[in-house]
Amino acid sequence: MNVTVGQISERSLEVTPQRVELYAQVTGDRNPLHFDREWTARTRFGRLIAQGGLTTGLLHALVVMEMPGPGSVFMEQHWQFPAPVYIGDTITARAAVTWVHEREPIARLAMNVTNQDGAQVLAGEATIYQAEARA
């Protein structure tokens, strides 16, 4: 595995109505919290929020495109969502390597996602395996 304890990587994403719609097309998640302004205005959120999968998807992109990189897959994930992600937010995912297996291509990452105001919208950790292509 090509990571070391303490290594950090970040990746950002603007949460647009188009991304929310595309996610709904792929997954079928058409919760009114994401699409019905009037209904959502009467909830504690007050305005449209993004699907949680968009937030976790940013973490997936960070892992496979940034650190550890191509061939990486999640073995285990633990997420908490302390605040919503609103449509129009820009979110930034940050991963820090906390442990690397001595012999196997496995690592544990502490993960955090914040919005443009610095509010934490996701906290958690994941165990990652990095596959390598055979010759």
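Everything in this summary refers to the structure shown in the same document. This one's a predicted model, so the numbers in the text were calculated from it and none came from an experiment.

**A few points about helix H4 (residues 52–65)**
For the α-helix, the turn length of 3.6 residues means that residues three or four positions removed from each other point alike. Taking 1.5 Å per residue, 14 residues should reach 20 Å; H4 reaches 20 Å between its end C-alpha atoms and fits that length. Those residues of H4 not exposed but buried are Gly 53, Leu 54, Thr 55, Thr 56, Leu 58, Leu 59, Leu 62 and Val 63. Packing partners of the buried residues in H4 comprise strand S1 (8–14), helix H1 (17–27), strand S2 (72–80), strand S3 (90–100), strand S4 (106–114) and strand S5 (120–130).

**Concerning the side chain of Thr 40**
Inspection of the secondary structure puts Thr 40 in helix H3 (residues 37–41). For Thr 40, the side chain forms a polar contact with the main-chain oxygen of Pro 32, separated by 3.0 Å. Excluding its chain neighbours within four sequence positions, the residues that come into contact with Thr 40 are Pro 32, Leu 33, Phe 45, Gly 46, Arg 47 and Leu 48.

**Notes on the pattern of salt bridges**
Scanning all chains against the criterion turns up four salt bridges. Arg 11 is paired through a salt bridge with Glu 66; the nearest N and O atoms lie 2.6 Å apart. One end of the pair, Arg 11, is in strand S1; the other, Glu 66, is in the loop between H4 and S2, with 55 residues separating them in the sequence. Since its relative accessible area comes to 39%, Glu 66 is described here as partly exposed. In this structure, Glu 21 and Arg 30 form a salt bridge, with 2.5 Å as the shortest nitrogen-oxygen distance.

Basis of the calculations
- Residues numbered from 1 in each chain as written.
- Predicted model: local features only at pLDDT ≥ 70, side-chain atom pairs only at ≥ 80, totals over all residues.
- Heavy atoms only, no water.
- Helix = DSSP H or I, 4+ residues; strand = E, 2+ residues; numbered from the N terminus.
- Expected span 1.5 Å × (residues − 1).
- Buried < 20%, exposed > 50% of the residue type's maximum accessible area, 1.4 Å probe, protein only.
- Contact = heavy atoms within 4.5 Å.
- Polar contact = N/O pair within 3.5 Å; in protein donor to acceptor, adjacent residues only side chain to side chain.
- Salt bridge = Lys/Arg side-chain N within 4 Å of Asp/Glu carboxyl O.

It is worth stressing that arrangement in space is one thing and function is another; only the former is reported here.
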